[in-house]
Protein chains: 2
Amino acid sequence: MTSATQITPTRILGLDPGLRITGFGVVDKLGSQLRYVASGCIRTADGELPGRLKTLLDGVREIIATYTPDQVAVEKVFVNVNPQSTLLLGQARGAVICGAVSCELPVAEYTALQVKQAVVGYGKADKTQVQHMVQRLLALDGDPGADAADALACAICHANGSAGVLGALGGRRRAGRVMPLRGGR
Amino acid sequence: MTSATQITPTRILGLDPGLRITGFGVVDKLGSQLRYVASGCIRTADGELPGRLKTLLDGVREIIATYTPDQVAVEKVFVNVNPQSTLLLGQARGAVICGAVSCELPVAEYTALQVKQAVVGYGKADKTQVQHMVQRLLALDGDPGADAADALACAICHANGSAGVLGALGGRRRAGRVMPLRGGR
């Protein structure tokens, strides 16, 4: 009989950025197993842009302090037909990514197509299909809500392909655990 | 003979955001007088977006730690004809604003039109005219460079109209000095 090596799970924070609502989802990856940890969203009130960006930055930092993820996955946002909306969304996404990098965490980016492909197996899946598959894959009792579901889907997408992504970021393995080079915990 | 009240200058950091180059300019305002303090730019190397945003975030925070401004003025960026460029510029601007708000400094925003109007007196002035007027208004010996000139122009624009802006931010006056409600020094 040999003693099994103890494997520490990799904790992934998925983020779906938006100026009004930014969804987040935290998932533990242990081998090929996924475990739901938490999800929710950061809401910003109407007002001046700098204050709203601060709410997003502080919100992401607070989530990281609470759940201490090892890696962060952020959904690439759609380019809107309205250039002003694209600019606002870009600024929100900048603030959300800054929340993660200011905690020295590695950030990977995925398009909506990659996320849907990873979760539903079909790049043009609709929101309901994504929500349904997130609920099934993480064995959730209830509906996580649309914004949190997208963030959880992004975390699942990263968990499925994280070895390759971490390789690109220069990650290393120690005692069976994928260690980012610049750990944040 | 009456003794004059000692007035502390208000230090303004102007920022002109860009993903590749973000210009900065620091100016002291003492009554109606303006004094040049410093200027330069933050450059990001090619690479993954999260790392470049971190360079901008850390760069702005470092400038704030070095020059301890009281207020920050950021130029509103142009919406590009290319939506992808607009999105990238938006993310850079989000990171630059996060650098300021994470230091608890009040941030005012100005359009290029407002900046040119304030510095040259003409909203459609070209870059050379802006550079020339910045050099004259701050009595600079040499050319500050295009990126720093735009940032200095933004700081000058804010200095000219800062009472109104601070009023909107809920600022208060104490001993002749405009005090932001959330001071960063």
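Residues numbered from 1 in each chain as written. Chains lettered and ligands numbered in written order. Predicted model: local features only at pLDDT ≥ 70, side-chain atom pairs only at ≥ 80, totals over all residues. Heavy atoms only, no water.

**Student:** Is there a simple way to explain the pairing of strand β4 (residues 71–75) of chain A in this structure?
**Tutor:** Within a regular strand, side chains alternate between the sheet's two faces. Residues and elements named next belong to chain A. Among the five residues in β4, five count as buried, and that is most of the element. Of the two faces of β4, the one holding Q71, A73 and E75 and the one holding V72 and V74 are both buried throughout. In this sheet, β4 lies alongside strand β1 (residues 10–16) in parallel orientation, the contact comprising four bridges. Pairing of G14 across the sheet is with A73, part of β4. Note: β4 against strand β5 (residues 107–110), four bridges, orientation parallel. The partner of V74 across the bridge, within β5, is E109. In the classification by handedness, the crossover that spans β4, the intervening helix α2 (residues 83–101) and the parallel β5 is right-handed. (Buried < 20%, exposed > 50% of the residue type's maximum accessible area, 1.4 Å probe, protein only. Helix = DSSP H or I, 4+ residues; strand = E, 2+ residues; numbered from the N terminus. Pairing = 2+ DSSP bridges. Right-handed = clockwise from strand over helix to strand, strands pointing away.)

**Student:** Teacher, can you tell me more about the sheet that holds strand β3 (residues 33–43) of chain B here?
**Tutor:** Neighbouring strands of a sheet are bound in pairs by backbone hydrogen bonds; such pairs are parallel or else antiparallel. All names here are of chain B. Taken in spatial order, the five strands make up an open sheet running β3-β2-β1-β4-β5, and their pairing is mixed. Pairing within the sheet leaves two strands with one partner each, and these edge strands are β3 and β5 (107–110). Each neighbouring strand pair of the sheet contributes to a mean axis angle of 20 degrees, computed without reference to strand direction. Here helix α3 (residues 112–119) sits on the sheet in contact with β4 (71–75) and β5, set at roughly 85 degrees to β5. (Axes fitted to C-alpha atoms, helices over the stretch in contact; angles between N-to-C directions. Contact = heavy atoms within 4.5 Å.)

**Student:** Would you take a moment to explain the interface of chain B and chain A for this structure?
**Tutor:** Many descriptions give the size of an interface as the accessible area lost when the pieces come together. The partner chain A presents 25 residues to the 25 residues of chain B that form the contact. Both faces combined, the contact of chain B with chain A buries some 2,100 Å², and carbon together with sulfur accounts for 77% of it. Considering only the side of chain B, the residues that lose the most area to chain A are P50(B), K54(B) and L87(B), jointly responsible for 25% of the buried surface there. Taken together, the connections running from chain B to chain A amount to two salt bridges. The shortest N-O distance in the salt bridge between K54(A) and E104(B) comes to 3.3 Å. Where chain B touches chain A, the interface holds six residue pairs in polar contact (both at pLDDT 80 or more). Of all the secondary structure elements, the ones that give two or more residues to the side of chain B that touches chain A are α1 (49–67), α2 (83–101) and β5 of chain B. (Buried area = accessible area lost by both parts, 1.4 Å probe. Salt bridge = Lys/Arg side-chain N within 4 Å of Asp/Glu carboxyl O. Polar contact = N/O pair within 3.5 Å; in protein donor to acceptor, adjacent residues only side chain to side chain.)

**Student:** Where do I start with the UniProt feature "binding site: Mg(2+) 2" (unreviewed entry) in chain A in this structure?
**Tutor:** Residues and elements named next belong to chain A. Residues annotated in UniProt with the feature "binding site: Mg(2+) 2" (unreviewed entry) correspond here to E75. Note that E75 resides in strand β4. Under the relative-accessibility criterion, E75 is labelled buried at 10%. With residues near it in sequence (within four places) discarded, E75 still touches L15, D16, P17, R93, Y110, A112, V115, D150 and C154. (UniProt positions renumbered as here; feature names shortened; annotations may be inferred.)

**Student:** I tried to follow the pattern of salt bridges on my own but got confused; where do I start?
**Tutor:** When the charged atoms of two side chains with opposite charge come close together, those side chains can pair. Going through the model one piece at a time under the given rule, you end up with 12 salt bridges over all chains. For the salt bridge of D28(A) with R35(A), the shortest nitrogen-to-oxygen distance reads 3.0 Å. Between K54(B) and D58(B) there is a salt bridge, with the nearest N and O atoms lying 2.8 Å from each other. A residue pair is termed a helical-turn pair when its members lie 3 or 4 positions apart in one helix, as K54(B) and D58(B) do in helix α1 at four residues. Judged by relative accessible area, which is 34%, D58(B) ranks as partly exposed. When salt bridges with common partners are traced through the structure, they connect R11(A), D28(A) and R35(A) into a single cluster.

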